[in-house]
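Analysis of the macromolecular model
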Protein chains: 2
Amino acid sequence: MNDSSLLLSIAVLGGTGKEGKGLAFRWARAGYRVYIGSRSAEKAVAAANEIKEMLGDGISVEGMGNLEAAHEAHIAVLTVPYSAHRDTLESVKDELKGKILVDVTVPLVPPKVAMVQMPSAGSAAQEAKQILGDDVQVCAAFQNISHEHLLDNADVECDVLVTGTSKDARAETIKLVEAAGLHGWDAGPIENSVVIEGMTSILIGINKKYGSTHAGIKITGVER
Amino acid sequence: MNDSSLLLSIAVLGGTGKEGKGLAFRWARAGYRVYIGSRSAEKAVAAANEIKEMLGDGISVEGMGNLEAAHEAHIAVLTVPYSAHRDTLESVKDELKGKILVDVTVPLVPPKVAMVQMPSAGSAAQEAKQILGDDVQVCAAFQNISHEHLLDNADVECDVLVTGTSKDARAETIKLVEAAGLHGWDAGPIENSVVIEGMTSILIGINKKYGSTHAGIKITGVER
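Residues numbered from 1 in each chain as written. Chains lettered and ligands numbered in written order. Predicted model: local features only at pLDDT ≥ 70, side-chain atom pairs only at ≥ 80, totals over all residues. Heavy atoms only, no water.

So, the interface of chain B and chain A
Quoted interface sizes are often the accessible area lost when the parts come together. To be explicit about the condition: In this analysis, two residues are considered to be in contact whenever any of their non-hydrogen atoms come within 4.5 Å of each other. Buried area is a sum: the accessible area each of two parts loses on coming together, probed at 1.4 Å, counted once for each and added. Here, a salt bridge means any side-chain nitrogen of Lys or Arg that lies within 4 Å of a carboxyl oxygen of Asp or Glu. The helix count covers DSSP runs of H or I at least four residues long, the strand count covers runs of E at least two residues long, and both are numbered beginning at the N terminus. Residues are grouped as follows: Ala, Val, Leu, Ile, Met, Phe, Trp, Tyr, Cys and Pro are nonpolar; Asp, Glu, Lys and Arg are charged; all remaining types, including Gly, are polar. The rule for pairing is simple: two strands pair if DSSP sees at least two bridges between them.
Taken together, the contacts link 34 residues of chain B with 34 residues of chain A. Interface of chain B and chain A: buried area, both sides summed, is about 2900 Å²; carbon and sulfur atoms make up 67% of it. For the chain B face of the interface with chain A, the top three residues by lost area are Val195, Tyr210 and Thr220 of chain B, together amounting to 20%. Notably, a salt bridge pairs Lys209 of chain B with Asp186 of chain A, separated by 3.5 Å at the nearest N-O pair. Mapped onto the side of chain B that touches chain A, the elements with two or more residues apiece are β8 (184–189), α7 (193–210) and β9 (216–220) of chain B. The greatest single-element share of the side of chain B that touches chain A, amounting to 9 residues, is contributed by α7 of chain B. Considering only residue class, the side of chain B that touches chain A consists of 20 nonpolar, 9 polar and 5 charged. Pairing of strand β9 (residues 216–220) of chain A with β9 of chain B involves 5 bridges; the strand directions are antiparallel. Its bridge partner lying in β9 of chain B, Gly216 of chain A is registered against Thr220 of chain B.

Looking at the environment of Gly164 of chain A
Residue and element names in this part refer to chain A. Quick note on the threshold: Whether a residue is buried, partly exposed or exposed follows from its accessible area with a 1.4 Å probe, protein chains only, as a fraction of its type maximum: under 20%, in between, or over 50%, in that order.
Locating Gly164 in the fold gives a position in strand β7 (residues 160–164). Looking at Gly164, the relative accessible area reads 1%, which means it is buried. Sequence separation of Gly164 and Ala180 is 16 residues, and the distance between their C-alpha atoms is 19 Å. If sequence neighbours within four positions are ignored, Gly164 has contacts with Val138, Cys139, Arg170, Gly188, Pro189 and Ile190.

A few points about the pairing of strand β1 (residues 9–13) of chain B
Residue and element names in this part refer to chain B. In terms of residue burial, β1 counts as a mostly covered element, since 5 of its 5 residues are buried. Alternating residues of β1 divide into Ser9, Ala11 and Leu13 and Ile10 and Val12, and every residue in both groups is buried. Pairing between β1 and strand β2 (residues 33–38): 5 bridges, direction parallel. Paired with Val12 across the bridge in β2 is Ile36.

Considering helix α5 (residues 124–132) of chain A
Residues and elements named next belong to chain A. Most of α5 is tucked away: 7 of the 9 residues are buried. Among all positions of α5, only Ala124, Ala125, Gln126, Glu127, Ala128, Ile131 and Leu132 are buried. Against the buried residues of α5 lie α4 (85–92), β5 (100–103), β6 (137–140) and α7 (193–210). Positive phi shows up at Gly133, right after α5, with a value of about 75°.

Observations concerning helix α4 (residues 85–92) of chain B
Since the α-helix turns once every 3.6 residues, residues separated by three or four places project in the same direction. Residues and elements named next belong to chain B. To keep it simple, the criterion reads: Relevant arc is that of directions from the helix axis to the C-beta atoms, nothing else.
For α4, every residue scored as buried is listed here: His85, Thr88, Leu89 and Val92. Projected onto a plane normal to the axis of α4, the buried residues spread over an arc of 95° and lie on a single side. Looking at the buried side of α4, the elements it contacts are β1, α3 (66–72), β4 (75–78), β5 (100–103) and α5 (124–132).

Brief notes about the relation of the copies chain B and chain A
The condition is simple: Here the copies are superposed with least squares, the fitted atoms being C-alpha atoms of residues at a pLDDT of at least 70 in both.
Expressed as a screw transformation, the operator carrying chain B onto chain A has a rotation angle of 180° and an axial translation of 0.0 Å, and the superposed copies differ by an RMSD of 0.0 Å. Read as a symmetry element, the transformation amounts to a two-fold axis. Relative to the rotation axis, the closest C-alpha in chain B is found at Val195 of chain B, a distance of 2.3 Å. Counting the interface residues of chain B, we find that 100% of their copies in chain A are interface residues as well, pointing to one common contact surface.

Brief notes about the side chain of Ser201 of chain A
Residue and element names in this part refer to chain A. Definition in use: Any N or O atom pair separated by 3.5 Å or less is treated as a polar contact, with the protein-specific requirement of one donor-capable and one acceptor-capable atom, and with residues adjacent in sequence counted only for side-chain atom pairs.
If you trace the backbone, Ser201 turns up in helix α7. Look at Ser201 and you get buried, because its relative accessible area is 3%. Within the structure, Ser201 has its side chain in polar contact with the backbone oxygen of Val113 (distance 2.9 Å).

Observations concerning the nonpolar core
The cut-off we apply is this: We define the nonpolar core as a collection of buried residues of types Ala, Val, Leu, Ile, Met, Phe, Trp, Tyr and Cys that are connected through side-chain atoms lying within 4.5 Å of one another.
Counting residues in hydrophobic clusters, the biggest one holds 65 residues, and the most contacted among them are Trp27 and Phe142 of chain B. Every residue in contact with Phe142 of chain B, bar those within four places of it in the chain, is listed here: Glu19, Leu23, Trp27, Val102, Val104, Val160, Leu176, Val177 and Leu182 of chain B. Counting 35 residues, the second-largest nonpolar core is a separate cluster that includes Trp27, Ile36, Val102 and Ala180 of chain A.

Description of the sheet that holds strand β4 (residues 75–78) of chain A
Basically, it comes down to this: Between N-to-C directions, angles cover 0 to 180 degrees, with each direction set by a line fitted to C-alpha atoms, over the stretch in contact for helices.
One open sheet accounts for 8 strands, arranged β3-β2-β1-β4-β5-β6-β7-β8 (chain A); its pairing is mixed. The sheet is open, and its two borders are formed by β3 (60–65) and β8 (184–189) of chain A, each paired with just one other strand. Between one strand axis and the next, the sheet turns through 25° on average, direction left out of account. Judged from the 4 bridges that link them, β5 of chain A and β6 of chain A form a sheet pairing that is parallel. Bridging from a neighbouring strand, Asp103 of chain A pairs with Ala140 of chain A of β6 of chain A. Contacts from α4 of chain A reach β1 (9–13), β4 and β5 of chain A within the one sheet, and its direction differs from that of β4 of chain A by about 160°. Taken strand by strand, α7 of chain B contacts β7 and β8 of chain A, and its axis lies near 115° from that of β8 of chain A.

Below you can see the structure in the form of structure tokens.
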């Protein structure tokens, strides 16, 4: 970690996919120092260059390997397919000690992606907690956000429910949600992650049944 | 079942509680023949009389025991506390054969009601399916609706996600949702019920943290 940094820094692990790149774009735009990580440093550099071209000078985004990105950043966000979830976490575990890991993973089991099918830990986020141990705070967030509108300036009409292993970690994660231009809600302990991750399967089913590509959810009945 | 009935009839089992009475009120108002069931027929009659007084003549609502209500109706809705879930279902099981049971139960485990804690079947609705067997279609719905505004004419700013053991049963349940003046969405197979039931714990937590009494959810990004 670069303690002399004036900017809060975020690693987006697996940040070359659509969701990760979209979030990296929004955080770079908000003034964060963003490190895009990937198993392929080359692909990560390409993704970083793409964001630089879109946003122009004065932003901070770099591509590198996942391990290096986890090392550099104050907070790490994981946006890999579920099939790479365990391996990626094990590979960066030591670099995450004392930090927060925000897990965006949805444990979809093809071909029935519109059916909720959780791992034995209860959810991907709880599995991450098991893998990372007590030295890392784990939050779950962003699973219900369609990547479609992350890379442009459109309003994303979907709230972000944030679960996590501590109230403080959830509050830090909600700051990231707001920096990405979205509205975040404290959705309670990590045990509640099954609802957020599972909601993605319901939204996939609704998209298919009702002819959309970006079904989302909003919390109602509460003052914003 | 009274096959000569011209009106579709609904049994609201455990219909003397706030949620059940609110739903019974809305269905009676919509012109359904409503049978309020309770372990205490006396309490059920009192609840039915209360609704009659509110709605006046021309509506059809009667109170009786749960078994009789399940026998009379074409479709049954279960609104009991989780502690009475299994016993109530076992007591009416034979009367539900060939019908649809709409389970409104949220498996809250006090005192941590803002933490998702599901039974071993995966959800209360899946547990109902295990108890009732293959002769009964089971749906889950209405868990996220605050009872607060069911008994008046206010708009309820919360959608109803409907899961169930078949597409046809979900479609029938969505008709009941609409008759109650709410918007329903097909949320897929019964395995997805954990999301709807668990969302209630998240909404309880949001109510507490953000100072509301009727947090709800709306589906966005899809044409209504």
